[in-house]
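# Descriptive structure summary
Read off the chains here:
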Amino acid sequence: MYNFNYQRASSLDDAVAKLGAASDGTLLAGGQTLIPTLKQRLASHSDVIDLSGIGDLRGISADGGGVTVGALTRHAEVAASADVPAALAALADGIGDPQVRNCGTLGGSIANADPAADYPAAVLGLGATVNTNLRSIAADDFFTGLFETALNDGEIITSVTFPTPQKAGYAKFPNPASRYAMVGVFAAQMGDGVRVAVTGAGPCVFRVAEMESALAGNWSADAVAGISVSADGLNSDLHGSAEYRAHLVTVMAKRAVAAAG
Amino acid sequence: MAENGIGASLKRKEDPRLLLGKGSYVDDINRPGQAYAAFVRSPHAHANIKSINSTAAAAAPGVVAIFTGDDMAADEVGPLICGWAISSKDGSPMNMPHHTCLAQGKVTYVGDHVAIVIADTQEQAKDAAELVEVDYEELSAVVGTADADAAGAPQLHENAPNNTCFDWHLADNKADVDAAFAGAAHVTKLDILNNRLVPNAMEPRAAVGDYERSTDSLTLYTTSQNPHVARLVLSAFFGIAPEHKLRVVAPDVGGGFGSKIYVYSEETACLWAARKIDRAVKWTADRAESFVSDAHGRDHVTTVELALDGDAKFLAMRCSTKANLGGYMSLFSSAVPTYMYATLLAGQYTTPQIYAEVKTVFTNTTPVDAYRGAGRPEATYALERVVEAAARELNIDPAELRRRNLIQPDQFPYETPVVHTYDCGDYGASLDKAIEIADYAGFAARRDQSKAGGKLRGIGFSNYIEACGIAPSAAVGALGGGVGLWEAAQVRFNPTGNVTVFTGTHAHGQGHETAFAQVVADQLGVPVENVEVVHGDTDKGPFGMGTYGSRSIAVGGSAIVKAGEKIIAKGRKIAAHLLEAAEDDIEFTDGNFTVAGTDKALNIGEVAFAAYVPHNYPEGVEPGLDESAFYDPLNFSFPSGTHICEVEVDPDTGTVEIVNYTAVDDFGTLINPMIVAGQVHGGIVQGVGQALTEGAAYDPDSGQLVNGSFMDYTMPRADNVPSFNIDTTETPSPLNPLGVKGCGEAGAIAAPAAVMNAITDALGTENIDMPATPEKVWRAAQAAG
Ligand SMILES: Cc1cc2nc3c(=O)[nH]c(=O)nc-3n(C[C@H](O)[C@H](O)[C@H](O)COP(=O)(O)OP(=O)(O)OC[C@H]3O[C@@H](n4cnc5c(N)ncnc54)[C@H](O)[C@@H]3O)c2cc1C
């Protein structure tokens, strides 16, 4: 890795200040994406500002209509939580391996917006709200492209608020090598309608309107069995062509609905 | 049997050390004042080097020295060699390209070595390496095995027209074999690929070159499977230092699988540079470097044809293969696709005539060499796929077709039409046992059950044979090998009665420290914990040929037994003197020299003490109890067996689940059944990896390795395999003193064919190549309907 200054933030304000003062600073949460990137010399930063000392950003709290998960909450904590929707806990439990789940954080995952990451499917599929030091951003507005989000420079995710679904399920077809999602589908029946979010298949997590309306009328795996997404613009690589990914979206959507019960 | 001797499933002595982090790997070794090396590597698959400017790099913090190919040439460092000469069909010698340690003028694959940068710290060396400016003239690249020799393909080496190294056949018998095909009742033909594998030993390669000014001698600490061979090559061919001024130490090594047989550029450059700068030079590969610089394995394109008569007896076989050598010839790259491959095509069968031809080609890819099984997995895959396909075409049960063609137990020694003479075996016994364990009879019902659940179930056989215990030196020499393949051992009783055993083999996961100690404990009657096995240091113990080709117990173990016999013979003389008996009256059992028919006895420990404190000692006998032996095997050994794989395919996603895997192997005598089971497990998993998940993928245009990290290169994992059902049959080899055959490679040899035969059975099509990834399986399932 290239040399950088390591700084430990004592509070959210301190982190904002340190990030603002750095010429090319970045935040460190669980380090599960950032550290490998640095080690492989794929990125170089003047400063790495470690958030892990900010206790306020960690933890899970349930309130009336949903649950708020702090940005620094580890995947393992979400997986073990009885307060989060079961589908979200199951999703977190399927991320990486125990080491990754015990280091990696919700905030780091969605800030990074890897097209194959699992969490974006739940954030979009549950219509969550991403809270930052500056504002609250609706999930539909948060993920904007390949490794792109609505976050501005220097903006820090503090938590994510998930509304409680009536029913929800997640089905993931893992990439055989990385075990990230080659295709992951999150299907949820919310108070105000059905949401179906797909990760892994495209450059950015996306919703499938046709499946949502089919499921609104008939919440069953059969309802989505005949609905396929277009392969145009989907990811294509060694592990799966766009056509195969498009096919898997339907298969995983069926399984997500079946898992939701 | 002595307690914990031959046949005991003793826990491995080395494991507590290795598992508790107490091992000493090359990266754990640090020499005073050591500097660190980083390599400038080619980012291009094929390019001419117009110039190298290291001015900026040399000025970077901490930089000690930067050397290029020209600097090594000025010191007359010899080119990297291939140690096995093969001739083409027309008698012409193979076209071995000039392969300098660091490139001179040209690079032929991504990762090829351009310069070594040495600095005070590893990070400084890496930083500076990025500052070396290399002006490349990019050339178009060829990476595919099939098209490497096509007209108009980019040419890699001037002395290898059409990128061809050699166009070889095992024997000039094509006309006879063609005639047999012409008279056949049935011919089955398959076009198959044997995918290219990245070895991915857990420990990356590493080296510390160290120069000792006072003696003008060099030491190389290196991740080697064969430190003595490394010393020989570094000395005799590369000219780094004469053998008596060079020590090579291979301490704990974390897996090799063949990839640590060879002597590579990095290790050579570190050693050479240590003398240049008069400081130790250390290099440890990171995983990305390992992917592009460790010799890869396999990479064949093959057409195989089997001719059968009206009774489904095999009449003849034709096998035509193109094998990819990569950018240059690695150390044994010519032997692997020829004599390690074509000579195994008879398998377990009585096929009377076989024609095998192999063309090797250069491509802009990482060099290819031996990888666990080395040639034998490729042979087994071609043969067992075509046999299974023939059974399906003829609508004969695949087990029955095999049974009809097996060499029978009373036919040994059995001379095959492809060089080898098998010593012993009972192939039917393994087949029968495997069929029973796998509940083959119940398969049809299980298939129906899967079908009811929307899944496709298939079962596949693999009856493999391998030539291990390599190898009789004269035979190797006659086939073009540049070395002898005997092994050496030294058994040293220490004065207090414990034993130090030196072996020329090297363990990097095989458990020699335990298995060899069991052999010695068994033979000499000393407790196994009093036997220490020492290997991996050319300054300790005798010259030896190292570990590969499942040779260590059959050849190295036999050498130990021979040395032990000398210990007993000498001990008998000493005991006879002390017991005041005739030498002929002394019997040796369970560690005691006894005067026959009496209770007068001396333990071997007491005899050893007398040998070192020879106050009362036989005349004319030398003091000490320390004997050496060299053992040159009489033949290869031929482990064999039957593996049966059962899979369930999800046609919706193409996912393959191995639901049942049975392996019945004949390794001859088992020294430590638990270690053998571990070797079988690991081998099967590697074979499953080849069949289902692994395969180096090169971009056909840029020549970049697309899956050069674990994020994209799919190693098999625990959840890719079931709990295995393994068992053995035992026909001890009559040709070595232990009756052993070797077990290290069997799983990797047998498994790919078993898995693919199961998948093709489930899908009802032969048209799928390894690795059978979900998308490929899904597409094949679609196509097969
Ligand atoms: C072996 C392995 C397997 C994995 N498998 C999976 C998988 O199956 N599925 C999956 O979804 N993921 C997987 N991951 C990724 C993992 O989930 C990481 O947790 C995630 O990518 C990043 O989270 P982190 O906390 O480690 O973030 P870091 O690596 O610390 O940071 C990532 C990026 O986010 C930024 N960032 C971090 N926190 C914040 C914040 N609060 N506000 C704004 N920006 C922030 C950082 O500056 C950095 O740019 C895997 C990772 C590894 C190493």
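Thresholds, definitions, all that
- Residues numbered from 1 in each chain as written.
- Chains lettered and ligands numbered in written order.
- Predicted model: local features only at pLDDT ≥ 70, side-chain atom pairs only at ≥ 80, totals over all residues.
- Heavy atoms only, no water.
- Helix = DSSP H or I, 4+ residues; strand = E, 2+ residues; numbered from the N terminus.
- Rg over C-alpha atoms; globule rule 2.2 N^0.38 Å.
- Buried < 20%, exposed > 50% of the residue type's maximum accessible area, 1.4 Å probe, protein only.
- Contact = heavy atoms within 4.5 Å.
- Areas by Shrake-Rupley, 256 points an atom, 1.4 Å probe, with all protein chains shown as cover.
- Lys, Arg positive; Asp, Glu negative; His and termini not counted.
- Charge placed at Lys NZ, Arg CZ, Asp CG, Glu CD.
- Pairing = 2+ DSSP bridges.
- Axes fitted to C-alpha atoms, helices over the stretch in contact; angles between N-to-C directions.
- Parallel < 35°, antiparallel > 145°, perpendicular 65-115°, else oblique.
- Left-handed = near helix turned anticlockwise from the far one by under 90°.
- Nonpolar A, V, L, I, M, F, W, Y, C, P; charged D, E, K, R; others polar.
- Buried area = accessible area lost by both parts, 1.4 Å probe.
- Salt bridge = Lys/Arg side-chain N within 4 Å of Asp/Glu carboxyl O.
- Polar contact = N/O pair within 3.5 Å; in protein donor to acceptor, adjacent residues only side chain to side chain.
- Near = heavy atom within 4 Å.
- Domains from an automatic or database assignment.
- Phe/Tyr/Trp six-rings, centres within 6.5 Å; stacked < 30°, edge-to-face > 60°.

## Quick word on the overall build of chain B
Along chain B, the regular secondary structure elements total 19 helices and 28 strands. For chain B, the C-alpha radius of gyration of 27 Å lies close to 28 Å, the compact-globule estimate for 785 residues. C-alpha atoms of chain B, sized along the principal axes, occupy 85 × 70 × 50 Å. Counting over 785 residues, chain B shows a buried share of 63%. For chain B, the share of sequence-separated contacts (at least 6 apart) that also reach a separation of at least 24 residues comes to 80%. Surface accessibility of chain B: about 27,100 Å² in total, with carbon and sulfur atoms responsible for 50%. One way to put it: in chain B the 56 positive side-chain charges average out to a point 1 Å from where the 100 negative ones average out.

## Side note on the sheet that holds strand β18 (residues 456-465) of chain B
Residues and elements named next belong to chain B. The mixed open sheet is built from four strands, whose spatial order is β18-β26-β27-β28. The two strands at the open ends of the sheet, each matched to only one other strand, are β18 and β28 (725-729). Going from strand to strand, the sheet's axes swing by 15 degrees on average, the running direction of each strand aside. Pairing between strand β26 (residues 640-650) and strand β27 (residues 655-666): 11 bridges, direction antiparallel.

## Thoughts on the packing of helix α9 (residues 376-394) of chain B against helix α10 (residues 398-405) of chain B
Residues and elements named next belong to chain B. The geometry of α9 relative to α10 is characterised by a closest axis approach of 8 Å and an angle of 115 degrees between their N-to-C directions. Relative to α10, the element α9 lies roughly perpendicular. The hand of the α9/α10 crossing is right-handed. Every residue of α10 that contacts α9 at E384, V387, E388, A390 and A391 is listed here: P398, L401 and R402. In the contact of α9 with α10, the residues fall into five nonpolar, no polar and three charged.

## Things to note about the interface of chain A and chain B
If you look at the interface, chain A gives 21 residues, while chain B gives 22 residues. Of all residues in chain A, R41, R179 and Y244 of chain A give up the largest surface area on contact with chain B, accounting jointly for 30% of the area buried on that side. Where chain A meets chain B, there are six salt bridges. One salt bridge connects R779 of chain B with E243 of chain A, and the closest N-O pair in it is separated by 2.9 Å. Taken together, chain A and chain B are joined by 16 residue pairs in polar contact (both at pLDDT 80 or more). Looking at the side of chain A that touches chain B, its residues break down into 11 nonpolar, six polar and four charged.

## Some words on the site of the ligand
Residue and element names in this part refer to chain A. Looking at the ligand, there are 28 residues lining it, with L27, G31, Q32, T33 and T105 nearest. A distance of 2.9 Å separates an oxygen atom of the ligand from a polar side-chain atom of H75. In this structure, Y180 approaches the ligand through a side-chain N or O atom, which is 2.9 Å from a nitrogen atom. If the ligand stood free it would expose 970 Å²; the protein chains cover 89% of that surface. Among the residues forming the shell around the ligand, the class breakdown is 13 nonpolar, 11 polar and four charged.

## What to know about the domain arrangement of chain B
All names here are of chain B. Domains assigned within chain B are domain 1 (31-139 + 203-254 + 260-293), domain 2 (374-463 + 636-784) and domain 3 (486-631). On a C-alpha basis, the centroid separation for the pair domain 1 and domain 2 is 38 Å. Contact with domain 1, which involves seven residues of that partner, is made by nine residues of domain 2. Taken together, both faces of the contact between domain 1 and domain 2 bury some 550 Å²; the carbon and sulfur share is 68%. Summed over the three residues of domain 1 that lose the most area to domain 2, namely V110, R287 and F291, the buried surface amounts to 71% of that side. Taken together, the connections running from domain 1 to domain 2 amount to zero salt bridges. Scanning the region where domain 1 abuts domain 2 turns up one residue pair in polar contact (both at pLDDT 80 or more).

## Quick notes on the environment of G425 of chain B
Residue and element names in this part refer to chain B. One can find G425 in the loop between β17 (421-422) and α11 (427-437). Once the C-alpha coordinates of G425 and D666 are considered, the two residues, 241 residues apart in sequence, prove to be 7.6 Å apart. With sequence-adjacent residues up to four places away left out, G425 is seen in contact with P409, F412, D666, T731 and K741.

## Some thoughts on unusual backbone geometry
Residues and elements named next belong to chain B. In this model, I470 is joined to A471 through a cis peptide bond whose omega is -5 degrees. Along the chain, A471 turns up in the loop between β18 and α13 (473-478). A positive phi angle, close to 55 degrees, is found at N162, a residue other than glycine. Checked against the element boundaries, N162 lands in the loop between β6 (133-138) and β7 (164-169). For N162, a relative accessible area of 42% translates into the label partly exposed.

## Topic: the pairing of strand β5 (residues 113-119) of chain B
All names here are of chain B. Here β5 lies mainly inside the structure; seven of its seven residues are buried. Here strand β1 (residues 35-41) runs beside β5; their pairing, made up of six bridges, is antiparallel. Counterpart to F39 in the pairing with β5 is I116. Taken together, the five bridges between strand β3 (residues 63-68) and β5 define a ladder with antiparallel strand orientation. Considered in β5, the bridge of V63 is made with A119.

## What to know about the pattern of salt bridges
All names here are of chain B. Counted according to the given criterion, the structure contains 62 salt bridges over all chains. R376 is the salt-bridge partner of E745, the closest N and O atoms lying 2.7 Å from each other. Residue E745 is located in the loop between β28 and α18 (746-763), and its partner R376 is located in helix α9; the two are separated by 369 residues in the primary sequence. Residue classification places E745 among the buried positions, given a relative accessible area of 7%.

## Overview of the domain arrangement of chain A
Examined at the domain level, chain A breaks down into domain 1 (5-50), domain 2 (58-163) and domain 3 (167-260). For domain 1 of chain A versus domain 3 of chain A, the distance between C-alpha centres works out to 34 Å.

## Quick notes on the side chain of E648 of chain B
All names here are of chain B. As for its placement among the helices and strands, E648 is situated in strand β26. Owing to a relative accessible area of 14%, E648 belongs among the buried residues under this scheme. There is a polar contact of 2.6 Å between the side chain of E648 and the side chain of S450. Not counting chain neighbours up to four residues away, the residues in contact with E648 comprise S450, K455, L456, R457, T655, V656, E657 and V659.

## Observations regarding the environment of G25 of chain A
Residue and element names in this part refer to chain A. Mapped onto the elements of the fold, G25 is located in strand β2 (residues 25-28). Accessibility expressed as a relative area gives 23% for G25, which makes it partly exposed. Along the backbone, G25 and V48 are 23 residues apart, and their C-alpha atoms lie at a distance of 5.8 Å. Here G25 is in contact with L19, H45, S46 and D47, once residues within four sequence places are set aside.

## Some details on the packing of helix α11 (residues 242-260) of chain A against helix α19 (residues 774-784) of chain B
Running from N to C, α11 of chain A and α19 of chain B cross one another at 80 degrees; their axes reach a closest spacing of 11 Å. Judged by the angle between their axes, α11 of chain A and α19 of chain B are roughly perpendicular. Contact with α11 of chain A, carried on its side by E243, Y244 and H247 of chain A, involves P774, E775, W778 and R779 of chain B of α19 of chain B and no other residues of that element.

## A word on the packing of aromatic side chains
Residues and elements named next belong to chain A. This structure, assessed with the given rule, holds 19 aromatic pairs over all chains. An angle of 85 degrees between the planes, with centres 6.3 Å apart, marks the rings of F173 and Y244 as edge-to-face. Remark: Y244 occurs in helix α11 and F173 occurs in strand β11 (residues 167-174); sequence separation between them is 71 residues. Side by side, F173 and Y244 carry an identical accessibility label, which is buried.

## Examining the sheet that holds strand β23 (residues 592-595) of chain B
Residue and element names in this part refer to chain B. Strands sit in the order β22-β23-β24 across an open sheet of three strands; the sheet is antiparallel. On the outer flanks of this sheet lie β22 (586-589) and β24 (601-603), each paired with one strand and no other. Strand after strand, the sheet turns through a mean of 20 degrees between neighbouring axes, direction not considered. Both β22 and β23 contribute to a ladder of four bridges, which runs antiparallel. Bridge pairing in β23 links F588 to F593.

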